[in-house]
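# Notes for the structure review
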Amino acid sequence: MLQDKTYLNPELSIEERTENLLAQMNLMDKIGQMNQVWGLEQMKEFGGPDPEDMARKGLAGSMLYLLNKEKRNAIQKIAVEESPCGIPILYGSDVVHGYRTGFPIPLAMAASWDPKVLRESQRAAAEEARRDGIHWTFFPNADIARDTRWGRVGETMGEDPCLASKLVEAQIQGFHGESLNAQDSLMTCVKHFAGYGACMGGRDYDQVILSEAELRNVYFPTFEAGLKAGAETVMTAYMDLNNVPATINHFLLNEVLREEWGFNGFVVTDAGTIGSLITQGLTKDGEDAVLRSMDAHVDMDMGSFQYVQFLAKLVREGKIKEEQIDDAVRRILKTKFELGLFEHPYTDIESEEDEREHRKKALWSAEQSIVLLKNRESILPLSKDIKKLAVIGPIADAKDDTEGILGMSNVPQAVTVLEGIRNKIPDAEIIYRPGAWLKRDIPSMVSQILPDFCGKKEKEKQTDEEAELAIVEAVEAAKQVDTVVMVLGEAVNMSGEAASRTTLDLPGRQQELLEKVYETGKQIVLVLLGGRPLSLTWADEHIDAIVEAFQPGWEGGNAVANILFGDVNPSAKLPITVPRSAGQCPKFYAENLTHQPAEDQPKPYSRYWNEEGTPLYPFGYGLSYTTFEYSDLVLEKEKIQLGEEAVVRFNLSNTGSRAGAEIAQLYIHQRYGSDTRPKRLLKGFTKIDLMPGETRTIALKLTADDLRYYSSSKKAYVQDETVIDIWVGGNVNAELHTTLYVGKKENK
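This is a predicted model, so every value here is computed, not measured. (Residues numbered from 1 in each chain as written. Predicted model: local features only at pLDDT ≥ 70, side-chain atom pairs only at ≥ 80, totals over all residues. Heavy atoms only, no water.)

### Details of the overall build of the chain
Each helix and strand counted, the chain has 23 helices and 26 strands in total. Here the chain has a C-alpha radius of gyration of 27 Å; the compact-globule value for 748 residues is 27 Å, and the two agree. For the chain, the C-alpha atoms occupy an extent of roughly 80 × 75 × 50 Å along the three principal directions. Looking at the 748 residues of the chain, the share that counts as buried comes to 62%. Within the chain, contacts between residues separated by at least 24 positions form 78% of all contacts whose residues are at least 6 apart in sequence. Split by element, the accessible area of the chain, about 29200 Å² in all, is 48% carbon and sulfur. Distance from the positive charge centre (83 side chains) to the negative charge centre (114 side chains) of the chain: 2 Å. (Helix = DSSP H or I, 4+ residues; strand = E, 2+ residues; numbered from the N terminus. Rg over C-alpha atoms; globule rule 2.2 N^0.38 Å. Buried < 20%, exposed > 50% of the residue type's maximum accessible area, 1.4 Å probe, protein only. Contact = heavy atoms within 4.5 Å. Areas by Shrake-Rupley, 256 points an atom, 1.4 Å probe, with all protein chains shown as cover. Lys, Arg positive; Asp, Glu negative; His and termini not counted. Charge placed at Lys NZ, Arg CZ, Asp CG, Glu CD.)

### A closer look at the environment of lysine 361
With respect to the helices and strands, lysine 361 occurs in helix H15 (residues 355-369). Lysine 361 gets classed as partly exposed once you look at its relative accessible area, which sits at 22%. Sequence separation between lysine 361 and alanine 124 is 237 residues, and the spatial gap between their C-alpha atoms is 8.2 Å. Other than its neighbours up to four places away in sequence, lysine 361 contacts Phe103, Glu120 and Ala124.

### Some words on the packing of aromatic side chains
For the coordinates displayed, the defined rule picks out 21 aromatic pairs. Between tyrosine 589 and phenylalanine 619, the aromatic rings sit 4.7 Å apart at their centres with planes inclined by 20 degrees, giving stacked as the arrangement. Residue tyrosine 589 is found in the loop between helix H22 (556-564) and strand S17 (628-635), and its partner phenylalanine 619 is found in the loop between H22 and S17; the two are separated by 30 residues along the sequence. Through a chain of ring-to-ring contacts, three or more aromatic side chains come together here, namely Trp113, Tyr589, Phe619, Tyr667 and Phe685. Arginine 146 extends its terminal NZ or CZ atom over the ring of phenylalanine 588, reaching a point 4.3 Å from the ring centre. Positioned over the ring face of tyrosine 710 is arginine 216, at 5.2 Å from the centre of the ring. (Phe/Tyr/Trp six-rings, centres within 6.5 Å; stacked < 30°, edge-to-face > 60°. Lys NZ or Arg CZ within 6 Å of the ring centre and 35° of its normal.)

### Considering the nonpolar core
Grouped together as the largest cluster of nonpolar side chains are 187 residues, with contacts concentrated most on Phe193, Ile325, Met486 and Leu526. Ignoring sequence-local partners within four residues, the contact set of isoleucine 325 consists of Leu27, Lys30, Ile31, Met34, Met294, Leu311, Val315 and Ile320. Counting residues in each nonpolar core, the second largest holds 36 residues, with Ala396, Leu438, Ala491 and Met494 among its members. (Core = buried A, V, L, I, M, F, W, Y, C linked by side-chain atoms within 4.5 Å.)

Encoded structure:
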């Protein structure tokens, strides 16, 4: 153990404590801090080292996915009392949409368009996780997702950098709380830097080809917003970016992250990616992979153990300077001091949170995140006086499919949609029939490592005869009632990592089930669950009401029931475009104009001869049980100079018969300039509560930064002299319009 304990004095600055400790560490002590060890017992079966042994040797700077606080404390005790330097382990995990209490998945919370929802939800998650001995979350996911075939779209804030940046910032504020060293705070990690959401064909892990302009205008802003909000760490991505793996991409990690943005936190790889550089065909061996990773200033190796194997040898051979290692370790130690790990290395085993308050937050969060997509003839909300109702669908009573993937060992505890409806109308007769089961065609990679991942045990596949009988029983149930609530979508293991799809249809025999129930002539309300939006062109044409709930978390069933029966007026809007079919993907609203703009062609006009080119549901879309009207759009100044801001004012009125909230959105288009620009870009939004008949005047600002962009032709950020079209409204197809003129700054 170290003799000079000056670094334990909390009265000294973090810099002084860090330097005192670093000066006493030998080379292997330092390399140990750069090594992140798997805590999962299953990883030993795949050749991983024993976590206790690594802690004892001081070779576990961090550990991930250790499953209970008793084990964390036991291994922490080994690290603090038996390792050469006694440095506490930094425990990390994926705290994504709750820790013990399940909140809606991120894409669902993004549908709230409300930073408060994200901030409050992640505040609760941080409190629970830190109480359980977790210090660091590998979140928020700052990837932009524009291809709904991609499995990880549900982890993101959707397709738009303006919206996503505000929501990433809010999550970091929630995770941090008032102070990083408070015992209810989590250190954050923005991931996956950068462009991971643009993988070819929506196929997870596949290569990404993006221009510098697209990277800077679309994929970088969320990461930069996260760093400005205080994120301490950045995670690299699995894929090749423009033929260079993101884990050692010099442009990303050195030129942009370190030099341009001045990031001084530490960079951690995604799982195993230093070792994967060999597999990807970039490096000839582990030594080469480590050399290139150090050149890219990658500070921590997540689980590939390449640094432990090769760094010391490379230093002895003079290929890597020990000062490079010092820089990395300095960044890691600094975060441990900031988190207060040297003062509080252990977790109070006896502490238990009162989950009731967090469940209330989870209910509120889910209610704000459910999107009403269709409501023909205002059949919703349903009457609570209903005497008999059928609930049909294979995921209507599935806790795991309602909750989403919450943790590595959590037993799903969600209120299902069936349970929520029964809670809402306890005196009604509810007839439940699941119909045919859901099962993936190709098993999940994760389920092969963890067979009961998140409590999801694979069912045996139904025989054709069993499926036929289940569909017949569901149709017979529908015939007994006037109204049917159908709960369809994806099972929990059909989205997430390594869960991309070639279609966006209802999986299994759900479409057949839906059509056969429709043939009964009964009123149908379709509730969608899953980790991505699905393309439901037939349902949109035929079904009376459609509600998108994604995976709404522990209180999801109650939240859905509150929407269906009118106790909550839906206000959520889509944070991502819903395509008509997978053939449209990637489909997003911010497309550039062409020489034949579709909007100017005779209707119907499409780039496809077999299908309309418009999306099924546009970005920013969502209905309410009331109606809103936008009017009186004006600018404080119709002409501004370069560098000035513009103030946009308009009136928003609730023209319906009940109170509601509207998410007002501001879009712009630059008519001409250095580059062609997208036909619309979101540049502002706000959520407004209005009573029936109430009108409010809304003011939104357009700053100079809102009008700047990275130009391919100039190879720099520019603001052009130009004309800016401005629209405000309730989705990207807003019609209320005005024009802003931007001219040269006048010399005085």
